[in-house]
Amino acid sequence: MTDDSEEYTKSTQLGRSSSTSNPWENPRSMVGSLLEKTTSRVLRTLSTTSATTFNEGEVGSSAPNEGAKNASIDNVIDSAIVRSSSVLESPVERNDINSQCNDDSSPPPKPKKQHQDKRTYLGNPSVTPTALAHSLWQSTILPYHDTVIDATCGNGKDCLALARMLFPKSVAGDDDVDENNPQPQLIGIDIQSRAIRNTQKSLLASLPTDIYYNHVSVLEQSHEHLMDVPRHNKSVGLVCYNLGYLPGAGTPSGETSFDYKECKTQTQTTLYSITDASLLLRIGGMLSIMTYPGSNLEESIAVEHFVEGLAMLTTRNEGGWRDYVDNIPEYVNEDGTKDDSIRVLITQAIERVVAEGPKKQTWRAFVHKPLGRPLSPVLATAMRIK
């Protein structure tokens, strides 16, 4: 019995691949391990049962013990089959086992890393100023009614978001514009031809053709004079800006090389434009401006002073809004010199809003900036409530 056991064990070991510390890493090793353990248990059962049968056979009781011996062997084999089947049918590792059985040379699969969905992170209004701006726009725009202006359309991402807010059913393919409502309009403006092409491509791919050609205008021009931009109706619900430079704008082949970061918005023209925007907005309309202190600190400071100046139109402080603008501090240039250019520009802008706007206009303004991150984008908003 000992010779048979050794020979069977050797043959079983030859049929196995090299053992590993983790049977899951090699399914053949796992099966071989199970077979070896099962064989050992069968042989031990045979040895024990045979010895018992030999001793009891002297008194003539071998037949019942033969049945017990077979039952013990069957139990051991059945147990091994159940364990093997339950392991091989595991849905987690089944594909890995099949692939390794078909290809001996393939390395064991590496565990997959947990992927973090950054879109959820970027879409949270409490985390990023872009998501916050979109949330505020959604609560401001009157679908199928307003004129909405993206004064710096860039690559068209904000324009596409505005289109989905202004024409929600049309984008979803449900309904067209109600002809009984005032003509809604989406206007995108940018001074760079590449930005215009990007925006047109994005909108054409997402909007129905009748909406795009009848209710969308993408204009290649400066946003400096918004009052001169043709509009379908007077209900301007939102004017938004994403200042700075066009991101990802390389130099196409055949064109003169340039630093795309040099083509960016300027403080003076930006103030002219947002002054026009404040005069266009209806009651309940919003002025939304994303600034970038890291690339143009002067422009960012000027925008913050302007929207605060709008809020100061109805202040009860002695001296009113005029006292506020008179106390705007001088701007410190990179070379250390100081000038009052921001104060002068803000004074001119607020004077124009007062002269050309409604007499009792009232504004609520906010500046949203992350704490501890002085160079991160800043969202400034002003809503006309009266």
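Report follows, based on the coordinates.

Cut-off values and rules
- Residues numbered from 1 in each chain as written.
- Predicted model: local features only at pLDDT ≥ 70, side-chain atom pairs only at ≥ 80, totals over all residues.
- Heavy atoms only, no water.
- Helix = DSSP H or I, 4+ residues; strand = E, 2+ residues; numbered from the N terminus.
- Polar contact = N/O pair within 3.5 Å; in protein donor to acceptor, adjacent residues only side chain to side chain.
- Patch = residues over 30% accessible without salt bridge, like charges linked within 9 Å, V, L, I, M, F, W, Y side chains within 5 Å.
- Areas by Shrake-Rupley, 256 points an atom, 1.4 Å probe, with all protein chains shown as cover.
- Salt bridge = Lys/Arg side-chain N within 4 Å of Asp/Glu carboxyl O.
- Phe/Tyr/Trp six-rings, centres within 6.5 Å; stacked < 30°, edge-to-face > 60°.
- Buried < 20%, exposed > 50% of the residue type's maximum accessible area, 1.4 Å probe, protein only.
- Pairing = 2+ DSSP bridges.
- Axes fitted to C-alpha atoms, helices over the stretch in contact; angles between N-to-C directions.
- Contact = heavy atoms within 4.5 Å.
- Expected span 1.5 Å × (residues − 1).
- Core = buried A, V, L, I, M, F, W, Y, C linked by side-chain atoms within 4.5 Å.
- Parallel < 35°, antiparallel > 145°, perpendicular 65-115°, else oblique.
- Left-handed = near helix turned anticlockwise from the far one by under 90°.
- Nonpolar A, V, L, I, M, F, W, Y, C, P; charged D, E, K, R; others polar.

Another aspect to go through is the side chain of R282. In this fold, R282 is placed in strand β5 (residues 281-291). At 3.0 Å, the side chain of R282 and the backbone oxygen of T140 are in polar contact.

Turning to a nonpolar patch on the surface, a few remarks are in order. On the surface, Y121, L122 and V127 cluster together into a nonpolar patch covering about 300 Å² of accessible area. Mapped onto the fold, L122 is located in helix α5 (residues 118-122).

Quick look at the packing of aromatic side chains now. If you walk through the whole model with that rule in mind, you get two aromatic pairs. The interplanar angle of 65° and the centroid separation of 6.2 Å between the aromatic rings of Y144 and F167 together place this pair among those described as edge-to-face. Here F167 lies in the loop between α7 (157-166) and α8 (168-172) and Y144 lies in the loop between α6 (129-140) and β1 (147-150), a separation of 23 residues in the sequence. Taking relative accessible area as the criterion, Y144 reaches 9% and is therefore assigned buried. A relative accessible area of 0% places F167 in the buried class. Seen from their ring centres, Y212 and Y213 are 5.1 Å apart, and the 90° between their planes marks the pair as edge-to-face. We classify Y212 as buried; its relative accessible area is 8%.

Within the open sheet, the seven strands sit side by side as β3-β2-β1-β4-β5-β9-β8. Their pairing is mixed. Every other strand in the sheet has two partners, leaving β3 (216-220) and β8 (363-368) as the edge strands with one partner each. Taken over all neighbouring pairs, the strand axes of this sheet differ in orientation by 10° on average, direction set aside. Relative to β5, strand β4 (residues 236-242) runs parallel, the two being bridged by six bridges. Paired with Y241 across the bridge in β5 is I289. Together, β4, β5, β8 and β9 (378-384) form the strand contacts of α6, whose direction differs from that of β5 by roughly 170°.

So, on to the environment of S376. The topology assignment puts S376 in the loop between β8 and β9. Taking the relative accessible area as the measure of exposure, S376 reaches 13% and is therefore buried. For the pair S376 and Y292, spaced 84 residues apart in sequence, the C-alpha separation works out to 6.6 Å. Among residues more than four places away in sequence, those in contact with S376 are P293 and P370. Of note is the side chain of S376, whose polar atom sits 3.1 Å from the side chain of R373.

Helix length check: helix α11 (residues 267-280) (14 residues) gives 20 Å between terminal C-alpha atoms against 20 Å at 1.5 Å per residue, within 8%. Burial runs high along α11: 11 of the 14 residues are buried. The complete set of buried residues in α11 reads T267, T270, L271, S273, I274, T275, D276, A277, S278, L279 and L280. Against the buried residues of α11 lie β1, β4, β5, α12 (297-311), α14 (341-356) and β8.

Another point: the nonpolar core. Membership of the largest hydrophobic core comes to 38 residues, with the highest contact counts inside it found for L226, V239, Y241, L287 and F306. Going through the elements one at a time, β2 (185-190), β4, α11, β5, α12, α13 (320-326), α14 and β9 are the ones with two or more residues in this core. Element by element, the count of residues in this core is highest for α14, at six residues. With 27 residues, the next largest nonpolar core counts A163, L166, L238 and M286 among its residues.

As a further point, take the packing of α11 against α14. At a minimum axis distance of 10 Å, the contact between α11 and α14 shows a crossing angle of 20°. Here α11 is positioned roughly parallel relative to α14, judged by the angle of their axes. The way α11 lies across α14 gives a crossing that is right-handed. On α14, the residues touching T267, Q268, L271, Y272, T275, D276, S278 and L279 of α11 are L345, I346, A349, R352, V353 and E356. Classifying every residue of the contact of α11 with α14 by side-chain character gives seven nonpolar, four polar and three charged.

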